[in-house]
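Understanding the architecture of this molecule
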Amino acid sequence: EYADFYCMLPEHYDGGGLTLTLVWSAAEAAPDVVEWQAALRRIADDAEDLDTTAHTYTYNAVVATAPSVVGEVAYDDITFTDGADMDSVAAGEDFILRITRDPTPSSGTDVTGDASLHAVHVKET
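First, a word on what this report is: a plain description of the structure on this page. (Residues numbered from 1 in each chain as written. Predicted model: local features only at pLDDT ≥ 70, side-chain atom pairs only at ≥ 80, totals over all residues. Heavy atoms only, no water.)

Section: the pattern of salt bridges
Note that side chains of opposite charge can pair when their charged atoms are close. This is how it is decided: The salt bridge definition used is simple: a Lys or Arg side-chain nitrogen within 4 Å of an Asp or Glu carboxyl oxygen. The numbering of helices and of strands both runs from the N terminus, where a helix is a DSSP run of H or I of at least 4 residues and a strand a run of E of at least 2. Relative accessible area decides the class of each residue, using a 1.4 Å probe on protein chains only: under 20% of the type maximum gives buried, over 50% gives exposed, and in between gives partly exposed.
Taken as a whole and judged by the stated rule, the model has three salt bridges. Here Glu93 and Arg42 are joined by a salt bridge, their closest N and O atoms 2.8 Å apart. Taken together, the residues Glu93 in the loop between strand 5 (74-80) and strand 6 (94-102) and Arg42 in strand 3 (residues 33-42) connect sequence positions 51 residues apart. Residue class for Arg42 comes out partly exposed when judged on its relative accessible area of 29%. Of the charged contacts, one joins Arg101 and Asp110 as a salt bridge, the two residues approaching to 3.4 Å between their closest N and O atoms. Residue classification places Asp110 among the buried positions, given a relative accessible area of 16%.

So this is what it looks like as structure tokens:
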């Protein structure tokens, strides 16, 4: 499962990289974890076919501990440095932000039930 968000990097972006803060909850409580992954794909002028899903994504990730109580939310960050780490998206350009959950994180005991993504805050680092 993944969610795609069509976005634009604001004209005033100054090249500092991006920090995504994911606001999420889970059907299970701590100490279980979820590995969230995020990637940006630049939509270059006259160069990107949006009619196909045959694109590759290079993900940055965070292994996040579930909130201490089911129904509460957690806030966890995924960072991107300017340039290739964010597919060279430049100020004023459109991009796709894809967020997914790795079903088998490399550390910890995975939340086996649902994990719900409620919001994504994007800010320049």
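Don't stop here, the text continues.
A few points about the nonpolar core
Heads up, the rule is: By nonpolar core is meant a set of buried Ala, Val, Leu, Ile, Met, Phe, Trp, Tyr and Cys residues that side-chain atoms within 4.5 Å join together.
Counting residues in hydrophobic clusters, the biggest one holds 24 residues, and the most contacted among them are Trp24, Trp36, Leu40 and Met86. Of all the elements in the fold, those that place two or more residues in this core are strand 2 (18-26), strand 3, strand 4 (60-65), strand 5 and strand 6. Here this core takes five residues from strand 2, the largest share from any one element.

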